[in-house]
Amino acid sequence: MEHRISKAERFFVHLTLILFAVISVFPFFWLVSTSFKLPSDVFSSEIQLLPPHFTWDNYKYLLTMQNHLFLQWVWNSVLVALLTTFVGVFLAATSAYALSRFNFPGKRASLFSFLVTQMFPGAILIVPLYNIVKNLGLLNSYVGLVLAYTATALPFSVWMLKGYFDTIPYELEEAAKVDGMTTWGTFYRIALPLALPGIAVTAFFSFITAWNEFMFALTFMNKQELFTLPVGLRTFVFQFRTDWHYVSAGAVLITLPVLVFFVLAQRWLISGLTAGGTKG
Amino acid sequence: MKYIQAIKQNKVAYLFLLPAMLVMLCLVFIPLVQGIYYSLTNIDQYNMGNRFVKASYRFIGLQNYISIFSGEGFAEFSKVFRQTLIWTFVNVFFHFVIGLGLALLLNRHVRGRAIYRTLLLIPWAVPSFVSAFAWRWMFNGQYGFINLMLAKLGLQPIPWLSDPFWAMTAVIITNIWLGFPFMMVTMLGGLQSISKELYEAAYVDGANRIQQFFRITLPQLRPTIFVATLLGVIWTFNMFAVIYLITEGGPYNSTQILVTYAYNKAFSSWQLGEATTYGVIILSMLLAFSFFYTRLLKMEKEQ
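Residues numbered from 1 in each chain as written. Chains lettered and ligands numbered in written order. Predicted model: local features only at pLDDT ≥ 70, side-chain atom pairs only at ≥ 80, totals over all residues. Heavy atoms only, no water.

*Asks:* Hey, could you run me through the interface of chain A and chain B in this one?
*Replies:* Quite often, the size of an interface is put as the accessible area lost when its parts meet. Tallying the contact residues gives 94 residues for chain A and 95 residues for chain B. Here chain A and chain B share an interface that buries about 8,800 Å² over both sides, 78% of which is from carbon and sulfur atoms. Inspection of the region where chain A meets chain B yields three salt bridges. For Glu9(A), the salt bridge identified is with Arg209(B), shortest N-O distance 3.1 Å. Connecting chain A to chain B are 10 residue pairs in polar contact (both at pLDDT 80 or more). Considering every element that reaches the side of chain A that touches chain B, the biggest residue donor is helix 1 (residues 7–35) of chain A, with 17 residues. In terms of residue class, the side of chain A that touches chain B is built from 64 nonpolar, 24 polar and six charged. (Contact = heavy atoms within 4.5 Å. Buried area = accessible area lost by both parts, 1.4 Å probe. Salt bridge = Lys/Arg side-chain N within 4 Å of Asp/Glu carboxyl O. Polar contact = N/O pair within 3.5 Å; in protein donor to acceptor, adjacent residues only side chain to side chain. Helix = DSSP H or I, 4+ residues; strand = E, 2+ residues; numbered from the N terminus. Nonpolar A, V, L, I, M, F, W, Y, C, P; charged D, E, K, R; others polar.)

Now the structure itself:
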């Protein structure tokens, strides 16, 4: 049922898409450009889309700055995000499996309780959590952050993975059980490998949640060498004058790995997301 | 006895569920109850106690609620609440319109569709704090790209981050940019699940494309729209990082929304009791909204 599409219409469609694509890309492009500029060109009242005097100095400064603070922030963020991913994936996979494969009293209530937590504002949880973390002596410790992030990422991960498990037929696991495999065995040896794309999406989501989080990191960590990247980068943003050339270079270093991975894996990520998300 | 038997019969399922439930219980549900309790106390940084000193805050009933809903407290609350409503409504509206519009375009046979889609997803892929910094830089009054551009066009520069109205505009623009790709992806997923036969039948019946959009696309897309906008409202209402990193709520609290305001109450002025009261108010609003939104959808369906 192809409609006849006029030339004018095709032109309009492409124009709209190009316009929005430019808007989507431009802020990051501008950061990349700024990150290679000399300070004198950064703070200039001419628009210079490309750096007129290309320099690596801003990157050099970050990577060698006193006490290697920037690298320390990168390490803190990587460590916290990886730990969150491991704990989060384990918890999400086991509970999503239970919710997908078994019928038991309390199933609907637990599914609902995962959903309703989306509504809890950080504003109400952060004060008690701060108090708990403080009383356990976990301020300025990775553990407090990892726990908070795991709890943040978990509900969405469980819903997504449950949807994914639902799309995998149960027959294989039943057969394995008949052959005498334990439930843990069928889960670990059969269901988990089959759900690998779903697991990957969950892992990515947990990692990104931890990598991007700002509020808990701002509250729980108050030693400069323990900052995560968002909080650390913010220290370059001073009240009156910001070193935008350093901020830009830092931002590019942080974004590039995530962006490359995202572009390469996007097809896969989106199909995993919609498979889980729409089944609900 | 019945319960014990049920537990025994489903032992495996419960064991699989237990670790996640324990984490949610300790880190979400118990803190929630504790937060609600704090809202009924005079807790602050001095009486909250620590590992060595016993806590000494006390129960004060509804006093925190009364001070928020009367006098000066109410003036402040209604200002921030109004800003939160504008923030949420404008953001979700544009997320939806732009997201759906682009999804409709991408759902057609456009040449270069994959490239367009990848580029349009960039705002989603870039870490949100990086985007916040990028926009803050572009909104810079003196050297920011936007004002330089305006100057080039012979227009006056705009005091983006120092004027209340423009500061709100700036954070909203940033957040619209940040959020439309999620809506686009969700809508695209919804559009692709609509059966092509419906359109064929409509075409044979002579329905034009506007009729097809309102009679087929929108009704078929309704469940997707419902879930996506509900999540959109909740997430936008609770958005913290964008505002905090671009304007820190200023100038003169003009970009403060309820969550950033509550956060400042807690960790700048250390009025923890009042901060959690704000938390309870935010939560009640979101619960009420979700309840009525769900009802609305059900009622429409029955008609």
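*Asks:* Whenever I open this one, the pattern of salt bridges confuses me. Can you help?
*Replies:* As a working rule, side chains carrying opposite charge can pair if their charged atoms are close by. On inspection of all chains with the given rule, the structure shows six salt bridges over all chains. Note that Glu173(A) is salt-bridged to Arg101(A), the shortest N-O span being 3.0 Å. With Glu173(A) in helix 8 (residues 171–178) and Arg101(A) in helix 4 (residues 69–101), this residue pair connects regions lying 72 residues apart in the sequence. We note that Glu173(A), like Arg101(A), is buried. Two residues, Glu248(B) and Arg234(A), come together in a salt bridge whose shortest N-O distance is 3.7 Å. With Glu248(B) in the loop between helix 12 (241–246) and helix 13 (258–267) and Arg234(A) in helix 12 (residues 229–234), this residue pair bridges two chains. Judged by its relative accessible area of 36%, Glu248(B) is partly exposed. One salt-bridge network, in which partners are shared between bridges, spans Glu9(A), Arg108(B) and Arg209(B). (Buried < 20%, exposed > 50% of the residue type's maximum accessible area, 1.4 Å probe, protein only.)

*Asks:* Before we go on, may I ask you to explain the nonpolar core in this structure?
*Replies:* The tendency in soluble globular proteins is for nonpolar side chains to be buried side by side. Core analysis: the biggest nonpolar cluster contains 185 residues, and Leu17(A) and Leu233(A) have the highest contact counts within it. Among the elements that line this core, the one with the most residues is helix 9 (residues 164–192) of chain B, at 14 residues. Setting aside its immediate chain neighbours within four residues, Leu233(A) contacts Phe70(A), Trp73(A), Val247(A), Gly250(A), Ala251(A), Ile254(A), Phe129(B) and Phe133(B). (Core = buried A, V, L, I, M, F, W, Y, C linked by side-chain atoms within 4.5 Å.)

It is worth stressing that arrangement in space is one thing and function is another; only the former is reported here.
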